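Listed below, chain by chain, are the residues.
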Amino acid sequence: MDFEILGPIQNVETIAIGGSIRQLHRLRRRYGRGRWRKRKGTAKVRLRDGTVHTAEIHWYEAHGIGRREFKIKFPLLD
């Protein structure tokens, strides 16, 4: 990650579940089987250059495995 999440992730929504996730095969191969979900939400983030912004974040998560592969989706919200 090229950023640090500074607070709780808010407005969390599920984008896709299971077979609807394009990267499902890769996720299972890398992290193991689980009920994978692609999720999104907003949070304060500190970028590599030290600036703090509110951004929309996307990630994958599965029960027993946790949250993986956080990404910032631009534009930043502030």
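Heads up: the structure comes first, above all this text.
Residues numbered from 1 in each chain as written. Predicted model: local features only at pLDDT ≥ 70, side-chain atom pairs only at ≥ 80, totals over all residues. Heavy atoms only, no water.

Asker: Any chance you could break down the pairing of strand β4 (residues 52-62) for me, citing the residues and the numbers?
Answerer: Taken across its 11 residues, β4 has eight buried, putting it largely inside the fold. Relative to β4, strand β3 (residues 37-47) runs antiparallel, the two being bridged by 10 bridges. By the bridge assignment, Ala-43 is partnered in β4 with Ala-55. Linking β3 to β4, which pair antiparallel, is a turn of four residues; within it Gly-50 sits at a positive phi near 95°. (Buried < 20%, exposed > 50% of the residue type's maximum accessible area, 1.4 Å probe, protein only. Helix = DSSP H or I, 4+ residues; strand = E, 2+ residues; numbered from the N terminus. Pairing = 2+ DSSP bridges.)

Asker: Give me the nonpolar core: which residues, what numbers.
Answerer: Among soluble globular proteins, nonpolar side chains are generally buried collectively. Membership of the largest hydrophobic core is limited to 11 residues, which are Phe-3, Ile-9, Ala-43, Val-45, Leu-47, Ala-55, Ile-57, Trp-59, Phe-70, Ile-72 and Leu-76. Of all the secondary-structure elements, those providing two or more residues to this core are β3, β4 and β5 (66-73). Discounting chain neighbours no more than four positions away, the residues touching Leu-76 are Leu-47, His-53, Thr-54 and Ala-55. The next biggest cluster of nonpolar side chains, apart from the first, holds eight residues, and it includes Ala-16, Leu-24, Leu-27 and Trp-36. (Core = buried A, V, L, I, M, F, W, Y, C linked by side-chain atoms within 4.5 Å. Contact = heavy atoms within 4.5 Å.)

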